[in-house]
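# Understanding the architecture of this molecule
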Amino acid sequence: MVSKKKTVQDIADELKGKRVLVRCDVNVPLDGKTITDDTRIRSSIPTIEFLKEKGAIVTVCSHLGRPKNGPEDKFSLGPCATRMGELLGQEVKLAPDCIGDEVAKMVAEAKEGDVIMLENTRFYKEEEKNEPGFVEKLAAPFDLFVNDAFGTAHRAHASTEGVTKFLSPAVSGFLLAKELEYLDGAVSNGEKPMAAIVGGSKVSSKITVLNALLDKCDKIIIGGGMVFTFLKAKGLNVGTSLVEDDFVDTAKEVLAKAEKLGKTILLPSDIVVANEFSPDAETKTVPADAIPDGWMGLDNGPESTKEQKEFLADCKTVIMNGPMGVFEFEKFNKGTFGIVDILADITKKGAVTIIGGGDSVAACEQSGKAGEMSHISTGGGASLELLEGKVLPGVAALAEK
């Protein structure tokens, strides 16, 4: 479905003098007015540079945070416009709004190569409702649309899906195209043997992706808090570890399905347990079938990491979605960092490694190995939905090649 969508490259000759609306994802973490991680802004620069070089008049729109009732200064895109300007080496003017006469005037007066940033689209409730009247106002000053915001491509909002009804062509930017190529490409036709690492605390939030990946992959590693629902499904004692009792039967079904399909699921063989959920807890490492009463599992042990290394040694494509333990606490980060090290090693040997968004990305950044993976996804929910095989509305709305 995916590589058939047009990208900015496909319309390079149509860009000169055009007023282009670009949906970026500059939803960065802020401490007051200070950006604490500008990755998302940096990721949007190649598409904007390309549009500028081709003589387009560029206007960026994005959301930031979750404003409740209209404009709030703490959610203003001011800091993002300043940072983008620094990265581009030119002024990025912040519009006072995202719709209306003043915006129209700024866009009309802008010259080729100029970059404007509209104020937070979520200052209007109509943005998330994809309300047609608002969509029309948002699209009014522009000639065509580029979506480069993978992080919100799974939402049918005014600025991701609605504007494509008024602006044509609507194409993807480089970042969105790369996400689709890796995430969708790997799942649809990645080189075998293919493995998925599914972690995180809950089976309930990962069951759909787990089932989808079980169909596509040869091997699955399960880690994180969801392990204990699986151990309980195998009749083992899990102490005070996190268990979703409503999903024990679901875990049994997953294990049965894997067996039927001839796929291998690897669960940890040893567990780092703690007497309480705390960074300073007392800890010990025990076999997975001997978790003592009153203790909770918070990471996988060193034997599990060794087994994971062997398990992944022959894999050509590996997708990681979710951590192996509570890596935010130093005592429980070895399982997650261990698997990140394994992925870095097999990438050097030619495997394609894809870190599918969310906590896995944070873990790679913290371990200092992010640059050694083939692809790090910028999406959270969008990555998950794409891996689940869902059609993303923000992508579906773009022009076909």
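Residues numbered from 1 in each chain as written. Predicted model: local features only at pLDDT ≥ 70, side-chain atom pairs only at ≥ 80, totals over all residues. Heavy atoms only, no water.

## Things to note about the overall build of the protein chain
Each helix and strand in the protein chain was counted, giving 14 helices and 17 strands. The principal-axis extents of the C-alpha atoms in the protein chain amount to approximately 70 × 40 × 35 Å. Counting over 401 residues, the protein chain shows a buried share of 56%. Long-range contacts, defined as pairs at least 24 residues apart, comprise 73% of the intrachain contacts of the protein chain with a sequence gap of at least 6. Entry remark: accessible area of the protein chain is about 16,800 Å², with carbon and sulfur atoms responsible for 49%. Positive and negative charge centroids in the protein chain, built from 48 and 61 side chains respectively, lie 3 Å apart. (Helix = DSSP H or I, 4+ residues; strand = E, 2+ residues; numbered from the N terminus. Buried < 20%, exposed > 50% of the residue type's maximum accessible area, 1.4 Å probe, protein only. Contact = heavy atoms within 4.5 Å. Areas by Shrake-Rupley, 256 points an atom, 1.4 Å probe, with all protein chains shown as cover. Lys, Arg positive; Asp, Glu negative; His and termini not counted. Charge placed at Lys NZ, Arg CZ, Asp CG, Glu CD.)

## Examining the sheet that holds strand β5 (residues 92-94)
Overall, parallel pairing links the six strands, which are arranged β5-β6-β4-β1-β7-β8 in an open sheet. Each edge of the sheet is formed by a strand with only one pairing partner; in this case those strands are β5 and β8 (170-172). The mean angle between the axes of side-by-side strands here comes to 25°, regardless of whether they run parallel or antiparallel. As judged from the five bridges shared by strand β1 (residues 19-23) and strand β4 (residues 57-61), these two strands associate in the parallel manner. By the bridge assignment for β4, Val-20 is matched with Val-58. Along the sheet face, helix α1 (residues 39-53) touches β1, β4, β6 (115-117) and β7 (144-147) and points at about 155° away from the line of β4. (Pairing = 2+ DSSP bridges. Axes fitted to C-alpha atoms, helices over the stretch in contact; angles between N-to-C directions.)

## Quick notes on the sheet that holds strand β14 (residues 296-300)
Across the sheet, which stays open at both edges, the three strands sit in the order β13-β12-β14 with antiparallel pairing between neighbours. Two strands lie at the open edges of the sheet, namely β13 (283-287) and β14, each paired on one side alone. Here the strands of the sheet are splayed against their neighbours by 40° on average, with no regard to which way each runs. Bridging between strand β12 (residues 270-274) and β14 involves four bridges; their strand directions are antiparallel. Across the sheet, residue Ala-274 finds its bridge partner in β14, namely Met-296. Contacting β12, β13 and β14, helix α10 (residues 302-312) runs over the sheet at an angle of about 40° to β14.

## Considering the nonpolar core
Among the nonpolar cores identified, the biggest contains 68 residues, and Leu-118, Leu-213, Ile-222 and Phe-230 are the most heavily contacted of them. Looking at which element gives the most residues to this core, the answer is helix α7 (residues 203-216), with six residues. Ignoring anything within four residues of it in the chain, the contact list for Leu-213 reads Val-187, Ala-196, Val-198, Ile-220, Ile-319 and Leu-387. Grouped together as the second largest cluster of nonpolar side chains are 30 residues, Ile-41, Cys-80, Leu-88 and Met-117 included. (Core = buried A, V, L, I, M, F, W, Y, C linked by side-chain atoms within 4.5 Å.)

## Here's the deal with α7
The terminal C-alpha atoms of α7, which comprises 14 residues, lie 19 Å apart, in line with the 20 Å expected from a rise of 1.5 Å per residue. The sharpest bend along α7 reaches about 30° and sits at Val-209. Turning to α7, its buried residues number three or more, namely Val-203, Lys-206, Ile-207, Val-209, Leu-210, Ala-212, Leu-213 and Leu-214. (Expected span 1.5 Å × (residues − 1). Bend = angle between axes of the 7 residues up to and from the residue.)

## Some remarks on the packing of aromatic side chains
Per the stated rule, a full pass over the model turns up three aromatic pairs. Aromatic pair Phe-50 and Phe-174: ring centres 5.2 Å apart, planes at 80°, arrangement edge-to-face. Separated by 124 residues along the polypeptide, Phe-50 in helix α1 and Phe-174 in helix α6 (residues 174-189) bring together distant segments of the chain. The interplanar angle of 55° and the centroid separation of 5.3 Å between the aromatic rings of Phe-277 and Phe-329 together place this pair among those described as tilted. Here Phe-277 is found in the loop between β12 and β13, whereas its partner Phe-329 is found in the loop between β15 (317-321) and α11 (334-348), with 52 residues between them in sequence. Overall, the relative accessible area of 52% leaves Phe-277 in the exposed class. (Phe/Tyr/Trp six-rings, centres within 6.5 Å; stacked < 30°, edge-to-face > 60°.)

## Points about the state of the cysteines
Applying the stated criterion across every chain yields a total of zero disulfides. Cys-61 takes part in no disulfide bond, and the closest cysteine sulfur to it belongs to Cys-24, at a distance of 7.7 Å. No disulfide involves Cys-217; its nearest neighbouring cysteine sulfur is the one of Cys-315, lying 8.9 Å away. With relative accessibility at 1%, the residue Cys-217 sits in the buried group. (Disulfide = S-S within 2.5 Å.)

## As for the layout of surface pockets
Each pocket or cavity is described by its volume, and for the largest pocket that value is around 620 Å³. Forming the boundary of the largest pocket are 27 residues, of which Thr-39, Val-361, Ile-376, Ser-377 and Thr-378 lie nearest the centre. For the lining of the largest pocket, the elements supplying multiple residues, two or more each, are α1, α6, α12 (359-367) and β17 (375-376). At five residues, α1 tops the list of elements feeding residues into the lining of the largest pocket. Class assignment for the residues of the lining of the largest pocket results in ten nonpolar, eleven polar and six charged. As a volume, the second largest pocket reaches approximately 530 Å³. In terms of lining, the second largest pocket is formed by 35 residues, of which the most central are Gly-200, Ser-201, Gly-225, Pro-323 and Asp-359. Those elements giving two or more residues to the lining of the second largest pocket turn out to be α7, α8 (227-233), β14, α12 and α13 (381-387). (1 Å grid on protein atoms, 1.4 Å probe; cavity = no way out; pocket = protein on both sides within 12 Å on 5 of 7 lines; lining within 4 Å. Points joined across faces, edges and corners; volume = space filled by probe spheres on them. Nonpolar A, V, L, I, M, F, W, Y, C, P; charged D, E, K, R; others polar.)

## A closer look at α11
The end-to-end C-alpha distance of α11 is 21 Å, a good match for the 21 Å that 15 residues give at a rise of 1.5 Å each. Within α11, eleven of the 15 residues are buried, which leaves it mostly tucked inside the rest of the structure. What α11 keeps buried is the set Gly-335, Thr-336, Phe-337, Gly-338, Ile-339, Val-340, Ile-342, Leu-343, Ala-344, Ile-346 and Thr-347. In the stretch just after α11, Gly-350 is the one whose phi turns positive, near 105°.

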